[in-house]
Amino acid sequence: MEISIRNVRKTFAAFPALAGVDLDIASGELIALLGPSGSGKTTLLRALAGLEPIDAGQIKFGANDATHLSVQERRVGFVFQHYALFKHMTVEDNIGFGLSVRKGPDKPDKAAIRQRAQELLELVQLSGLGKRYPAQLSGGQKQRVALARALAIEPRVLLLDEPFGALDAKVRKDLRRWLRELHDKTGVTTVFVTHDQEEALELADRVVVMNRGRIEQVGTTAEVYEQPATPFVFDFLGSVNRFRGEVQGGKLKINGLSLNTDSPLSGAVEIYVRPHDLRIVEDSSPGLDARVLSVQRTGPFVRAGAKLAHDGTRVDIELSHLDPLTAALVPGAQLRLLPAIYGLFPPEGGAPLKTLPDVVANAVPEQRGDRARA
Amino acid sequence: MSQPRDHSLQDPPALPPEFGTGPLVRKNSAITEPAWVRWLLIGSALGFLSLFLLLPLASVFTEALRDGWGTYVSALREPDAYSAVKLTLLAAAIAVPLNLVFGVAAAWCIAKFEFRGKQLLISLIDLPFSVSPVVAGLVYVLIFGAHGWAGGWLAEHDIKIIFAVPGIALATIFVTFPFIARELIPLMQEQGTDDEQAALTLGAGGFRTFWRVTLPNIKWGLLYGVLLCNARAFGEFGAVSVVSGHIRGQTNTLPLHIEILYNEYAFAAAFAVASLLAALALVTLALKTFLEWRYADQLAAARRH
């Protein structure tokens, strides 16, 4: 079922949780709402479920206006971070709850409910645990029961609120992969909330990056990572180095370095570069001089902190440990750096961004880097 | 479909051999006191408990039986005593169910909703704890008594509240109001609203959600609150004393009856009736202990997410 969200607003005691959100979700899509806490992602999810009344705007499920429908009428499956399983009921009764509270001719008989619960237990790979109580299950199992319970009512949309937030890292990864497979199998339109960028990028078809009650960017996982539309997205998805430069007549100038650019900006700009896109080049090539301050090995990466010679900005550099250039990374060493892939934004406090900045292309991993102080 | 790894169903790994299986040996002598200090502390605590709690309780029963079983039984079979028992049970039977409804409603309101004046409501619920029961009784006399605000109107319509059963029931309700609400508020606050919201998204209406989700979640706490409320309803003296009028055989509850007997120097009879009240308290205590044990278990299970 496709969902359309139009100019949805919600304010909590003068705090705008949703400040005019527009979003279209296609039928069968798996969407991640990603953002830091307080960004409004959970409020948006709860508004979709009808658990949070909205102040203004419209929510449509397919062609039907759902804005004023009650929670029950919306028929959405909702999965809570802490599972919210009914502790006094067996797993089977938990899954059958949604069917057992139906009224009139819609209400299946007991055998049918049991049958459906068995099917769903099989779907979430927990056959044989139907007679257990939630307290007898592990966290991952509980979350799968919660999912089965939500699916039992044949929801129009499946909504998950930080579904893996309460689980440990290993179970979380397995469950993530498993949820993706389950989604491909059932094809239910699914929206999930997360603050974990890795989770969003790995699981979702499209990612909605939110900040302060607004949508910063909507795009496929590749789009939001490779072409961040705003400094916030750039910073939130992976780490970033920032330093100042100037655009003049199609040229980006940083100290003595001059690079071609088709950026529509002109004048002072801020350059955003991910640590692994700051390449070490030959001393004879054009680039920025820097001095290595510290070197650290983290898993498969070698990370170095360095200081730009011309303005003292701190930057991070990241290399694969197999890269022969890691030999150059010793504290005190002089390097020449070239931003290979970067984004240009107006400097902080400057004019608001009107056009999409140009970002060339990008690659993979990330780390949390120091913010450069210009 | 790949099988998600499930760590919960595997047996825990065997303990390495150095852990052994021998009896546990107390090795932490560094953090315990010497024996004589321990015995002194335990002994003084026990002594205090027996002096102030066990001894009075035992004396109630010995005093009651001082003149033998005959006197004891006849004191209980006396018509006034019988009617006092009946009235006490009646007052509790009115007050407890009403406070059950009010208490659950108030706790539900406070724990599950945000609204203006919530703190005020919480303070109001605590009012009966902080106000002296005598004052509470006097307030009722002031409102419903012959010279009270509503006194004239009530007399015209021939409705008796003060010096009658309704007044006693009202006073009991007032005094026992906080017990159930106070018991439920922290429990319901801790449980949050996720379960209820889950039930709503699954299509359950408000009433079904309450009946099938909320109530089972609070049942042990609720029973515990009812027991406390009931114990207090049986034993309430001050507020009831003011509104009852002490009419023998009509408006005397058990505690009032005991006081009258005592003032008339009928010590054996007074203690006999008191032993009945004490026995009721002991039963309540036993039930409460049992429930606490059950309820702790449930709470632990609820926390084991």
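Residues numbered from 1 in each chain as written. Chains lettered and ligands numbered in written order. Predicted model: local features only at pLDDT ≥ 70, side-chain atom pairs only at ≥ 80, totals over all residues. Heavy atoms only, no water.

## Concerning the overall build of chain A
- Counting secondary structure elements, chain A contains nine helices and 20 strands.
- Along the first, second and third principal axes, the C-alpha atoms of chain A reach 80 × 45 × 35 Å.
- Put simply, chain A has 374 residues, and 53% of those count as buried.
- Contacts in chain A between residues at least 24 apart in sequence constitute 67% of all its contacts with a sequence separation of at least 6.
- Carbon and sulfur atoms make up 50% of the accessible area of chain A, which amounts to about 15900 Å² in all.
- Charged side chains in chain A number 47 positive and 45 negative. The centres of these two groups are separated by 5 Å. (Helix = DSSP H or I, 4+ residues; strand = E, 2+ residues; numbered from the N terminus. Buried < 20%, exposed > 50% of the residue type's maximum accessible area, 1.4 Å probe, protein only. Contact = heavy atoms within 4.5 Å. Areas by Shrake-Rupley, 256 points an atom, 1.4 Å probe, with all protein chains shown as cover. Lys, Arg positive; Asp, Glu negative; His and termini not counted. Charge placed at Lys NZ, Arg CZ, Asp CG, Glu CD.)

## Examining the side chain of N211 of chain A
- Here N211 of chain A shows up in strand β9 (residues 206-211).
- Once residues lying within four places of it in the same chain are set aside, the contact partners of N211 of chain A are P36, S39, E216 and F232 of chain A.

## Details of the UniProt feature "transmembrane region" (unreviewed entry) in chain B
- UniProt records the feature "transmembrane region" (unreviewed entry) at residues 36-61, 81-108, 120-149, 161-181, 222-245 and 265-287 of chain B, using the numbering of this structure.
- Counting secondary structure, residues 81-108 of chain B comes out at 100% helix and 0% strand; the distance between its end C-alpha atoms is 39 Å. (UniProt positions renumbered as here; feature names shortened; annotations may be inferred.)

## So, the pairing of strand β10 (residues 214-220) of chain A
- Bridging between β9 of chain A and β10 of chain A involves six bridges; their strand directions are antiparallel. Looking at the pairing, V209 of chain A lines up with Q217 of chain A of β10 of chain A. (Pairing = 2+ DSSP bridges.)

## Here's the deal with the packing of helix α5 (residues 139-152) of chain A against helix α6 (residues 169-186) of chain A
Residues and elements named next belong to chain A.
- Between α5 and α6, whose axes approach to 11 Å, the crossing angle comes to 20°. Our classification of the angle between α5 and α6 gives roughly parallel. Relative to α6, the crossing made by α5 is right-handed. Residue-level contacts link G140, Q143, R144, L147 and L151 of α5 to V171, L175, W178, L179 and L182 of α6.
- Residue classes in the contact of α5 with α6 are distributed as seven nonpolar, two polar and one charged. (Axes fitted to C-alpha atoms, helices over the stretch in contact; angles between N-to-C directions. Parallel < 35°, antiparallel > 145°, perpendicular 65-115°, else oblique. Left-handed = near helix turned anticlockwise from the far one by under 90°. Nonpolar A, V, L, I, M, F, W, Y, C, P; charged D, E, K, R; others polar.)

## Here's the deal with the nonpolar core
All names here are of chain A.
- Ranked by size, the top nonpolar core spans 44 residues in total, and within it I95 and L147 carry the most contacts.
- At seven residues, α5 tops the list of elements feeding residues into this core.
- Excluding residues that lie within four positions of it along the chain, I95 makes contacts with A117, L120, L121, V145, A148, R149 and A152.
- Counting residues in hydrophobic clusters, the runner-up holds 40 residues, among them I59, A66, V71 and I153. (Core = buried A, V, L, I, M, F, W, Y, C linked by side-chain atoms within 4.5 Å.)

## Details of the domain arrangement of chain A
- The domains assigned to chain A are domain 1 (3-226) and domain 2 (239-373).
- Computed from C-alpha atoms alone, the centre-to-centre distance between domain 1 of chain A and domain 2 of chain A is 39 Å. (Domains from an automatic or database assignment.)

## Some details on the UniProt feature "domain: ABC transporter" (unreviewed entry) in chain A
- Those places that UniProt annotates as "domain: ABC transporter" (unreviewed entry) correspond, in this numbering, to residues 3-237 of chain A.
- In residues 3-237 of chain A, helix accounts for 37% and strand for 26%; the two terminal C-alpha atoms are 26 Å from one another.

## Regarding the sheet that holds strand β1 (residues 3-12) of chain A
All names here are of chain A.
- Strand order across the open sheet formed by four strands is β2-β1-β4-β5, with antiparallel pairing between neighbours. One side of each edge strand has no neighbouring strand; the edge strands of this open sheet are β2 (15-25) and β5 (64-65).
- Pairing of strand β4 (residues 56-61) with β5 involves two bridges; the strand directions are antiparallel. Within the sheet, the bridge partner assigned to F61 lies in β5 and is N64.
- Lying over the sheet, helix α1 (residues 41-49) contacts β1, β2 and β4, oriented at roughly 115° with respect to β1.

## Examining the packing of aromatic side chains
All names here are of chain B.
- Considering all chains together, one arrives at 18 aromatic pairs over all chains under this definition.
- For the pair Y265 and F267, a centre-to-centre distance of 6.1 Å together with 85° between the ring planes defines the contact as edge-to-face.
- An angle of 45° between the planes, with centres 5.8 Å apart, marks the rings of F290 and W293 as tilted. Taken together, the residues F290 and W293, both in helix α12 (residues 267-303) and three residues apart, mark about one turn of the helix. (Phe/Tyr/Trp six-rings, centres within 6.5 Å; stacked < 30°, edge-to-face > 60°.)

## Concerning the side chain of T90 of chain A
- If you trace the backbone, T90 of chain A turns up in the loop between β6 (76-79) and α3 (91-100).
- If we ignore the near neighbours within four places in the chain, the residues touching T90 of chain A are G130, K131, R132 and Y133 of chain A.

## Overview of the packing of helix α3 (residues 79-112) of chain B against helix α11 (residues 254-263) of chain B
Residues and elements named next belong to chain B.
- Two numbers describe how α3 lies on α11: the axes approach to 8 Å, and their chain directions differ by 150°. One way to sum up the angle between α3 and α11 is to call them roughly antiparallel. Mapping the contact onto sequence places D80, A81, A84, V85 and T88 in α3 and L254, P255 and H257 in α11.
- Considering only residue class, the contact of α3 with α11 consists of five nonpolar, two polar and one charged.

## A look at the domain arrangement of chain B
All names here are of chain B.
- What the domain assignment lists for chain B is domain 1 (32-65) and domain 2 (67-303).
- At the junction of the two partners, domain 1 supplies six residues and domain 2 supplies 12 residues.
- Roughly 780 Å² is buried in total at the junction of domain 1 and domain 2, and carbon and sulfur atoms are behind 79% of that figure.
- Linking domain 1 with domain 2 are zero salt bridges, by the criterion used here.
- At the surface where domain 1 touches domain 2, the tally comes to two residue pairs in polar contact (both at pLDDT 80 or more). (Buried area = accessible area lost by both parts, 1.4 Å probe. Salt bridge = Lys/Arg side-chain N within 4 Å of Asp/Glu carboxyl O. Polar contact = N/O pair within 3.5 Å; in protein donor to acceptor, adjacent residues only side chain to side chain.)

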